[in-house]
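Listed below, chain by chain, are the residues.
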Amino acid sequence: MSRKYFGTDGIRGTVGVSPITPDFVMKLGYAAGKVLVRDEAGGAKPAVLIGKDTRISGYMLEAALEAGLSAAGVDVMLAGPIPTPAVAYLTRALRMSAGIVISASHNPYQDNGIKFFSKQGNKLPDQVEAAIESALEGDIECVAPELLGKARRLDDARGRYIEFCKSTFPTELDLRGLKIVVDCAHGAAYHIAPDVFHELGAEIVAIGDQPNGMNINDGVGATAPQALSAAVREHEADLGIALDGDADRLLMVDSSGRIFNGDELLYVMVKDRMMRGPVPGAVGTLMTNMALEIGFRKLGVGFARARVGDRYVLEVLQERGWLLGGEGSGHLLCLDKHTTGDGIVSALQILSAMKRSGQTLAELTKEIALFPQSLINVKVAPGFDWQQQAAAVAEKRFVEDELGDRGRVLIRPSGTEPLVRVMVEAEHADLADRMARRIADKLLTAGS
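Keep in mind that what you see is a predicted model, and the values were worked out from it rather than measured.

A.B. asks: Break down the sheet that holds strand β13 (residues 302-306) for me, citing the residues and quoting the values.
C.D. replies: The 4 strands lie next to each other as β13-β12-β14-β15, forming an open sheet whose pairing is mixed. Across the chains shown, the open sheet's two edge strands, defined by having one partner strand only, are β13 and β15 (332-334). For this sheet, the mean inter-axis angle between neighbouring strands, taken without regard to orientation, is 15°. Across 3 bridges, strand β14 (residues 324-326) lies against β15 in antiparallel orientation. Across the sheet, the residue bridging to glycine 326 is leucine 332, located in β15.

This is the structure:
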């Protein structure tokens, strides 16, 4: 389906620049509302839950969405600052018609976006997104005054979600005896994540928990885990947990300050599940480290690669009937715990694995050593197709032959910029760098 506004994760951009403007977002709310009114079973009045992260622009966009939805005859429930996965959960738990998140996830505060969830807590189907885009072509025609939507606050959204997160942790376990640093990225989980882990018994040191509307993801959180690593060492903590701005992404740090990425954490989750039953397979992406694929093969666990993006990981999981998947960036999916990626819930799965086994993160991941990855972005002319360049194709084939089954090559065009991304994995960093440069040089010559 060709989309004009919707990307793989909703609509996102710089605030004040189309489409992230108040007039467009109001029209988006109206268009979504018209589709919901049309599709609501039995002609009932739809109701939508809206949550947001801590960006200053969230106030403006929330008001615009509320106005558009009300004009279409849709009731609105406002949850305030709350993680993206909390909106997915509450939409399902409260039997809402849909959920909407105002967030640009790990991006800086100047950006924002709009993301939708279905009543089941999943990403909207393509056909619904297509219907909303079609409705955007028309004008706003406000319903009769008696049919306007109403708005109210959901005052206990935070408490409901805290209890949900805790319910995904085994009742026979607790976190007593652990000192954990929790980095909330000055984002949507600032008033939630520390309480979840504290209420399960851990001693908590919170950082990145003072949002001011403009410091989200700024030198903290899952996109800047060095801050967490330093804090863990400073406070002599046992563990560190880093979330991103909307708390759907997770990285962790052990007591030495070593950072564990999403690939390693997915491996820990799979190993833990295997202790309690068979795990037929797990899903990664084209960027997932080759060491994980080899590690799963040794465990007898199937492995499939999806396109980059948690949306595509979810699609492959659903197609195969598997439960566990993720990305190296920290998007992790446990479909028997939640319908979408959830940083807090994922952290609780890792903590339960550590508690059950009595092992540290380093011990749980000792069987896999991540291959060094060299990533080079090559600027090319718009419309450049690297697969039509004989020299580049030949160089890729040469590198793959050199690496054999102990390395991997991935070349993919950027979806947003005139770039071709070259990634080479190998057992040694210098080999990965050298081989990536060989391919990049051919692309640079062809694309200039």
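More follows now that the structure is in view.
A.B. asks: Could you give me a rundown of the packing of aromatic side chains, with the residues and numbers involved?
C.D. replies: Considering all chains together, one arrives at 6 aromatic pairs under this definition. Judged by centre distance (5.9 Å) and plane angle (40°), the ring pair of phenylalanine 296 and phenylalanine 303 falls under tilted. Phenylalanine 303 gets classed as buried once you look at its relative accessible area, which sits at 19%. These aromatic residues form a ring-pair network of at least three members: Tyr89, Tyr161 and Phe164. Taking the ring centre of tyrosine 59 as reference, the NZ or CZ of lysine 52 above it sits at 4.0 Å. In this structure, arginine 307 is placed above the aromatic ring of tyrosine 312, and the distance from its NZ or CZ to the ring centre is 4.0 Å.

A.B. asks: Can you lay out the environment of arginine 160 for me, pointing to particular residues and giving the numbers?
C.D. replies: By the secondary structure assignment, arginine 160 is in helix α5 (residues 157-167). For arginine 160 and glycine 187, which are 27 residues apart along the polypeptide, the C-alpha to C-alpha distance reads 18 Å. Among residues more than four places away in sequence, those in contact with arginine 160 are Tyr89, Leu90, Leu94 and Leu154.

A.B. asks: Give me the lowdown on α5, citing residues and values where you can.
C.D. replies: The set of residues buried in α5 consists of Ala157, Tyr161, Ile162, Phe164, Cys165 and Lys166. Check the buried side of α5 and you find it contacts β3 (75-81), α3 (84-93), α6 (193-199) and α11 (343-357).

A.B. asks: Outline the layout of surface pockets, supporting the account with residue identities and numerical values.
C.D. replies: Computed from the structure, the largest pocket encloses a volume of approximately 1,400 Å³. Counting residues per element, the ones that place at least two in the lining of the largest pocket are β1 (11-14), α10 (310-320), β16 (373-379), β17 (407-413) and β18 (419-426). In terms of residue count, β16 provides more of the lining of the largest pocket than any other element does, 4 residues in total. Among the residues making up the lining of the largest pocket, the classes are represented as 10 nonpolar, 20 polar and 12 charged.

A.B. asks: Describe in detail the sheet that holds β3, supporting the description with residues and values.
C.D. replies: Read across the sheet, 6 strands follow the order β1-β5-β4-β2-β3-β6 without closing on themselves; strand pairing throughout is mixed. The outermost strands of the open sheet, each flanked by one partner alone, are β1 and β6 (151-153). Here the strands of the sheet are splayed against their neighbours by 20° on average, with no regard to which way each runs. Bridge analysis of β3 against β6 gives 3 bridges, and the strand direction is parallel. Bridging across to β6, valine 76 finds its partner in alanine 151. Strand contacts of α3: β2 (47-52), β4 (98-102) and β5 (111-118), with the helix running at about 165° to β4, the strand carrying the most contacts.

A.B. asks: Please provide a residue-by-residue account of a nonpolar patch on the surface, values included.
C.D. replies: Together, Ile56, Tyr59 and Met214 give the surface a local cluster of nonpolar side chains, amounting to about 340 Å² of exposed area. Within the secondary structure, tyrosine 59 sits in helix α2 (residues 57-71).

A.B. asks: Tell me about the nonpolar core, and name the residues and values.
C.D. replies: In globular proteins that are soluble, nonpolar side chains generally tend to be buried together. Phe197, Ile241, Phe296, Ile344, Leu348, Leu351 and Leu361 are the most contacted members of the largest nonpolar core, which totals 64 residues. Ranked by residues supplied to this core, first place goes to α11 with 8 residues. Discounting chain neighbours no more than four positions away, the residues touching leucine 351 are Phe169, Leu175, Leu178, Ile180, Phe197, Leu239 and Ile241. The next biggest cluster of nonpolar side chains, apart from the first, holds 32 residues, and it includes Val35, Ala64, Phe116 and Ala131.

A.B. asks: So what about the pairing of β4? Which residues, and what values?
C.D. replies: The side chains of a regular strand alternate between both faces of the sheet. Within β4, 5 of the 5 residues are buried, leaving the element largely enclosed by the surrounding structure. In the sheet, β2 pairs with β4 via 5 bridges, with the strands oriented parallel. Paired with lysine 52 across the strands is isoleucine 102, a residue of β4. In the sheet, β4 pairs with β5 via 5 bridges, with the strands oriented antiparallel. Within the sheet, the bridge partner assigned to isoleucine 102 lies in β5 and is isoleucine 114.

Reading the values: rules and limits
- Per chain, residue numbering runs from 1 following the sequence as it is written.
- Totals for whole chains, interfaces and linings use all residues, but because this is a predicted model, local features are given only for residues with pLDDT of at least 70 and pairs of side-chain atoms are given and counted only at 80 or more.
- Side-chain descriptors were evaluated using all non-hydrogen atoms of the structure, hydrogens and water having been removed beforehand.
- Pairing between strands is defined by DSSP: at least two bridges between them are needed.
- Strands are runs of DSSP state E lasting at least two residues, helices are runs of H or I lasting at least four, and both sets are numbered from the N terminus onward.
- Axis geometry follows a simple rule: fit a line to the C-alpha atoms, using only the stretch in contact for helices, then measure angles between N-to-C directions, giving values from 0 to 180 degrees.
- A pair of aromatic rings is counted whenever rings of Phe, Tyr or Trp (Trp by its six-membered ring) have centres within 6.5 Å, and the orientation is called stacked for planes under 30 degrees apart, edge-to-face for over 60 and tilted otherwise.
- The rule is simple: take the accessible area with a 1.4 Å probe, protein chains only, and divide by the maximum for that residue type; under 20% is buried, over 50% is exposed, in between is partly exposed.
- Ring-over charges, as used throughout, are those where CZ of Arg or NZ of Lys falls within 6 Å of the ring centre and within 35 degrees of the ring normal.
- Whether two residues are in contact is decided by their heavy atoms: any pair within 4.5 Å suffices.
- Here a cavity is any set of points on a 1 Å grid over the protein atoms alone where a 1.4 Å probe fits but cannot get out, and a pocket is any open set with protein on both sides within 12 Å along at least 5 of 7 lines; a residue lines the site when it has an atom within 4 Å of a point.
- Grid points are joined across faces, edges and corners, and a volume is the space filled by probe spheres set on the points.
- Residue classes follow a fixed rule: Ala, Val, Leu, Ile, Met, Phe, Trp, Tyr, Cys and Pro count as nonpolar, while Asp, Glu, Lys and Arg count as charged, and any other residue, Gly among them, counts as polar.
- Two distance rules govern patches: like charges are joined within 9 Å, and nonpolar side chains (Val, Leu, Ile, Met, Phe, Trp, Tyr) within 5 Å, applied only to residues with over 30% relative accessible area and no salt bridge.
- Surface accessibility in these figures is a Shrake-Rupley result with a 1.4 Å probe; residues are shielded only by whichever protein chains are displayed.
- When a carboxyl oxygen of Asp or Glu is within 4 Å of a side-chain nitrogen of Lys or Arg, the pair counts as a salt bridge.
- To form a nonpolar core, buried Ala, Val, Leu, Ile, Met, Phe, Trp, Tyr and Cys residues must be joined to one another through side-chain atoms within 4.5 Å.

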